[in-house]
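Now for the letters of each chain:
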2 protein chains.
Amino acid sequence: MSSGEAAFIAALRGLVSHPAARGLADDCAVLEFGGETLIVTHDMMVEGVHWLPEQDPADVAWKLLATNLSDLAAKGAEPIGVLLGYTLTEDNARFAAGLGEALAHFAVPLLGGDTVRSPGAQTVGLTALGRATCKPVPSRSSARAGDSVWITGPVGAAMLGFEALSSGNPSADTSVYRRPVPRLAEGRALAPLVTAMMDVSDGLLLDASRLAEASGVTLALDPRAIPLPADLPNERARDALSWGDDYELLFTLPSGAVPPCRAHRIGTVLPRGDAPLLLGEAPPAGPLGFEHC
Amino acid sequence: MSSGEAAFIAALRGLVSHPAARGLADDCAVLEFGGETLIVTHDMMVEGVHWLPEQDPADVAWKLLATNLSDLAAKGAEPIGVLLGYTLTEDNARFAAGLGEALAHFAVPLLGGDTVRSPGAQTVGLTALGRATCKPVPSRSSARAGDSVWITGPVGAAMLGFEALSSGNPSADTSVYRRPVPRLAEGRALAPLVTAMMDVSDGLLLDASRLAEASGVTLALDPRAIPLPADLPNERARDALSWGDDYELLFTLPSGAVPPCRAHRIGTVLPRGDAPLLLGEAPPAGPLGFEHC
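Residues numbered from 1 in each chain as written. Chains lettered and ligands numbered in written order. Predicted model: local features only at pLDDT ≥ 70, side-chain atom pairs only at ≥ 80, totals over all residues. Heavy atoms only, no water.

As recorded in an unreviewed UniProt entry, chain A goes by the name Thiamine-monophosphate kinase, listed as coming from Novosphingobium fuchskuhlense. Under Function (unreviewed entry), UniProt gives the following word-for-word description of chain A: "Catalyzes the ATP-dependent phosphorylation of thiamine-monophosphate (TMP) to form thiamine-pyrophosphate (TPP), the active form of vitamin B1." Of chain A, the UniProt comment under Pathway (unreviewed entry) reads exactly: "Cofactor biosynthesis; thiamine diphosphate biosynthesis; thiamine diphosphate from thiamine phosphate: step 1/1." (UniProt positions renumbered as here; feature names shortened; annotations may be inferred.)

Below you can see the structure in the form of C-alpha cells.
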C-alpha cells in the first residue's frame, strides 16, 4: 500500500462513526434495515491494474461480480442484487455478455448503476447487496486464542492461471484466474459456526495477518498443512502463499469444532505475540501479499 | 448518447428482469427488504468529463455525494449511508476533506467502499442507500394527462457557475455548480402527493422528455413559467433549459393539487401526441440536454 493510499484510508476512517461501517476494516458494511440485516460491498477494478489489457472483457465482468460476491460469502450472506458502475470503451458487448453469463450463473439480479465516458483506463465498479443469513454476522475481529484456523481450498491456482495467461500459454487452464467462483454456499454453511471469517483476495499471508490484527491475536500457520494446487512446482510454494485472487474463505473455529463443508485445517490461534502471523516457527519473510497499490 | 452507450444500455436492459431494477429506466433501484423499502443508486464521475481538472477535489467529493443524494431525493427517500469507490491521485487529502464536509452537512454516514490505483483519469463512484418514506415510491412513469408539471427551483444557475469557474472569474459565485444541494426535504414532502418525480441533472428539457417517454404522455411546458436565475442574461434563457447540474426536482401533481414546498408550475401533462415534449406550442428545437456521452 502506498503512503498516499494509507493516508487516504486513515482520513476516511476518521470520517466513520456508524457501526455499520465496521471501522472500514471489514469486507462489507453490515446494516440493520427493515428488521433484517443488509450486507453491502463495493469493489472496483481498473484496466492494467486488476486485469491484463488483452483479457476478454467477458472475463473482467465475471471477475468483477465474483469478487464482490466473495465479500458477501465471507459474511455468510445471500446475494440479492448488484449495481454496476462502468466506463465505456470501444467495444462493450463482450462485457455485457460476460456480465449476463455471471449474473445467470450466480442467480443474482442486476438492479441498476451508471455508465460514463472516460478518456483513461477503463474503470469498473460493482456494488453487491446481500441478506445476512445468521447473526451475529461474521467479522474479521473475533478470532480467539485456542481457535483453529481453516481455509476452504488451495491457494496458488490463480497465480498459475495468471502466469499462463500473461505468457500466452494456450494449453493451460486459466479459468481459475479468469473466472473465480465465490464460496457462497460454504460461507452460508460456515457463518453460524465461525469465530471469524474473511475471503482470501490479496494473498493468504496478508489476509491472515489482517484477520490476526483485527482480532488482536497471532495466527500460527503450519506451512505443510496449507493446501496447494496439485500442479504447483515445489519452488513456487512460498509464492502461492502471498499471491491473491483465489477467493477461498479463511476462517477460525472453536477448538474441536468441525466445519460443515470441505475445508483444511491450517493452523491455530495464539494469544497475541510479537508478530500477528507465524509461518511455522517464525514470522514469514518476504512479501505477505498483493497490496492493491 | 453515443451509439456505443445506447447499445450497452440496451444490452444491460436485456439482462434485467427483477422489478426492483425498474427496467434501468429510473433514478434508483427500489427493493423490498425486511419490512421496508430500500432505495439504492450508484453514480460515477470522471475527471475531465464531469469536472474540470483544475477544480478543488473537495468540491468533487461534495458533488459526488450531492448528485447521488439527489437521486434519493427524487424517490422521497431518507439517506441511510454511502459507499465510496475511489481511484487514488497524487493528493487525496482535499477529496477526503470535502467528503467529510459533505457527509456532515447532509448527516449521512460513510459505510464502506474501495480505493484503487489507476494510471488514467481519476474516476470516482458512490453508492447511496436510502429508506423509502412513502409507498408507492415515486417513479418517472406515472404522470397522467391532466396533471400539472412543477419544478422546485430555477434552472441555469449551475451553467453560470460552470462558465465563471472555467473562465476563471474570481468574483463570481460558483457554489451552485461546485456544491449543489439535493432537494431531500422537498422530495420527502412531495413523495406522497406526486404522480411522477425525477431530479433534473442533465437539463430540464431532456429530463422532462424522459419523464414524458417513461409515462407515455406529452409534457407541455410554458417557457415563460420556467424559473430562471435573476442574473441570467436574456439571451441565455434557452441554454438554461438544456444545461444540467441544477438538481431541482421535476414532478407532476394531480390537477388542482398544491405542492407542500416552494415550487413553480411550469406546464401541463397532455395525452401522448407526436412529440414527448412541447415548449410553448411546438417541440423544442436544438439540444435538449447533456447526454453523459
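Let us keep going from here.
Now for the overall build of chain A. For chain A, the helix and strand inventory stands at 8 helices and 11 strands. Here the C-alpha radius of gyration of chain A, 19 Å, is about what a compact globule of 293 residues would show, namely 19 Å. Reported as C-alpha extents along the three principal axes, the dimensions of chain A are approximately 55 × 50 × 40 Å. Counting the 293 residues in chain A, one finds 59% classified as buried. For chain A, the accessible area works out to roughly 10800 Å², and carbon and sulfur atoms hold 53% of it. Side-chain charges in chain A split into 21 positive and 34 negative, and the spacing between the mean points of these groups amounts to 5 Å. (Helix = DSSP H or I, 4+ residues; strand = E, 2+ residues; numbered from the N terminus. Rg over C-alpha atoms; globule rule 2.2 N^0.38 Å. Buried < 20%, exposed > 50% of the residue type's maximum accessible area, 1.4 Å probe, protein only. Areas by Shrake-Rupley, 256 points an atom, 1.4 Å probe, with all protein chains shown as cover. Lys, Arg positive; Asp, Glu negative; His and termini not counted. Charge placed at Lys NZ, Arg CZ, Asp CG, Glu CD.)

What follows is about the pairing of strand E6 (residues 148–151) of chain B. Residues and elements named next belong to chain B. Burial along E6 is two-sided: Ser148 and Trp150 and Val149 and Ile151, pointing in opposite directions, are all buried. One ladder, built from 4 bridges, connects E6 with strand E9 (residues 249–253); its direction is antiparallel. Bridging from a neighbouring strand, Val149 pairs with Thr252 of E9. In this structure, E6 lies alongside strand E10 (residues 264–271), joined through 4 bridges in antiparallel fashion. In the strand pairing of E10, Ser148 is matched with Thr268. (Pairing = 2+ DSSP bridges.)

Of the two same-sequence chains, chain B is brought onto chain A (RMSD 0.0 Å, axial shift 0.0 Å) by a rotation of 180 degrees. Read as a symmetry element, the transformation amounts to a two-fold axis. Both copies contact each other with a shared surface, as 98% of the interface residues of chain B are interface residues in chain A too. (Least-squares fit on C-alpha atoms with pLDDT ≥ 70 in both. Contact = heavy atoms within 4.5 Å.)

Attention now goes to the sheet that holds strand E2 (residues 36–46) of chain B. Strands belonging to one sheet form pairs held by backbone hydrogen bonds; the direction of such a pair is parallel or antiparallel. An order of E1-E2-E5-E3-E4 (chain B) is seen for the 5 strands of this open sheet, with the pairing classed as mixed. Either end of the sheet is taken by a strand with one partner, and the two such strands are strand E1 (29–33) and strand E4 (110–116) of chain B. Between one strand and the next, the sheet's axes are offset by a mean angle of 20 degrees, whatever the strand orientation. Pairing of E2(B) with strand E5 (residues 123–132) of chain B involves 9 bridges; the strand directions are antiparallel. The residue of E5(B) that forms the bridge with B:Leu38 is B:Arg131. In the packing of helix H1 (residues 3–15) of chain A onto the sheet, contacts are made with strand E3 (77–87) and E4 of chain B, and the angle to E4(B) comes to roughly 170 degrees. Of the strands in this sheet, E2, E3 and E5 of chain B are in contact with helix H2 (residues 57–74) of chain B, which crosses E2(B) at around 145 degrees. (Axes fitted to C-alpha atoms, helices over the stretch in contact; angles between N-to-C directions.)

As a further point, take the interface of chain B and chain A. At the junction of the two partners, chain B supplies 62 residues and chain A supplies 61 residues. Taking both partners together, chain B and chain A bury about 5000 Å²; carbon and sulfur atoms supply 77% of that area. Here chain B is connected to chain A by 0 salt bridges. Taken together, the links from chain B to chain A amount to 7 residue pairs in polar contact (both at pLDDT 80 or more). Taken together, the elements giving at least two residues each to the side of chain B that touches chain A come down to helix H1 (3–15), E1, E2, E3, helix H3 (93–106), E4 and E5 of chain B. Looking at which element gives the most residues to the side of chain B that touches chain A, the answer is E2(B), with 9 residues. Grouping the constituent residues of the side of chain B that touches chain A by class yields 34 nonpolar, 21 polar and 7 charged. (Buried area = accessible area lost by both parts, 1.4 Å probe. Salt bridge = Lys/Arg side-chain N within 4 Å of Asp/Glu carboxyl O. Polar contact = N/O pair within 3.5 Å; in protein donor to acceptor, adjacent residues only side chain to side chain. Nonpolar A, V, L, I, M, F, W, Y, C, P; charged D, E, K, R; others polar.)

Residues and elements named next belong to chain A. You can read the domains of chain A as domain 1 (3–132) and domain 2 (148–279). Summarising the inter-unit geometry, the C-alpha centres of domain 1 and domain 2 are found 21 Å apart. The interface of domain 1 with domain 2 comprises 23 residues on the first partner and 20 residues on the second. At the boundary of domain 1 with domain 2, total buried surface from both sides reaches about 1800 Å², with 57% on carbon and sulfur atoms. Remark: the boundary between domain 1 and domain 2 carries 4 salt bridges. Linking Asp59 and Arg179 is a salt bridge whose minimum nitrogen-to-oxygen distance equals 2.7 Å. Between the two partners, domain 1 and domain 2, sit 7 residue pairs in polar contact (both at pLDDT 80 or more). Of all the secondary structure elements, the ones that give two or more residues to the side of domain 1 that touches domain 2 are helix H2 (57–74), strand E3 (77–87) and helix H3 (93–106). Of all the elements, H2 adds the most residues to the side of domain 1 that touches domain 2, at 11 residues. For the side of domain 1 that touches domain 2, the per-class residue count stands at 11 nonpolar, 5 polar and 7 charged. (Domains from an automatic or database assignment.)

Attention shifts here to the UniProt feature "binding site: ATP" (unreviewed entry) in chain A. With numbering aligned to this structure, UniProt lists the feature "binding site: ATP" (unreviewed entry) at A:Gly113, A:Asp114, A:Arg140 and A:Ser201. For the residues just named, distributed over 89 residues, the greatest C-alpha separation reaches 31.3 Å, placing them at more than one site. As for its placement among the helices and strands, A:Asp114 is situated in strand E4 (residues 110–116). Accessibility expressed as a relative area gives 15% for A:Asp114, which makes it buried. Once you skip the residues sitting within four places of it in the chain, A:Asp114 turns out to touch A:Leu84, A:Gly85, A:Tyr86, B:His42, B:Asp43 and B:Met44. Among the structural elements, A:Ser201 can be located in the loop between strand E7 (196–200) and helix H7 (204–215).

Moving on, we come to H3(B). With 14 residues, H3(B) should reach 20 Å at 1.5 Å per residue; the first-to-last C-alpha distance of 20 Å fits that figure. Among all positions in H3(B), only B:Phe95, B:Ala96, B:Gly98, B:Leu99, B:Gly100, B:Ala102, B:Leu103 and B:Phe106 are buried. Where the residues of H3(B) are buried, they touch H1 of chain A together with H2, E3, E4, E5 and helix H6 (184–190) of chain B. Backbone geometry just after H3(B) places B:Ala107 at a positive phi near 55 degrees. (Expected span 1.5 Å × (residues − 1).)

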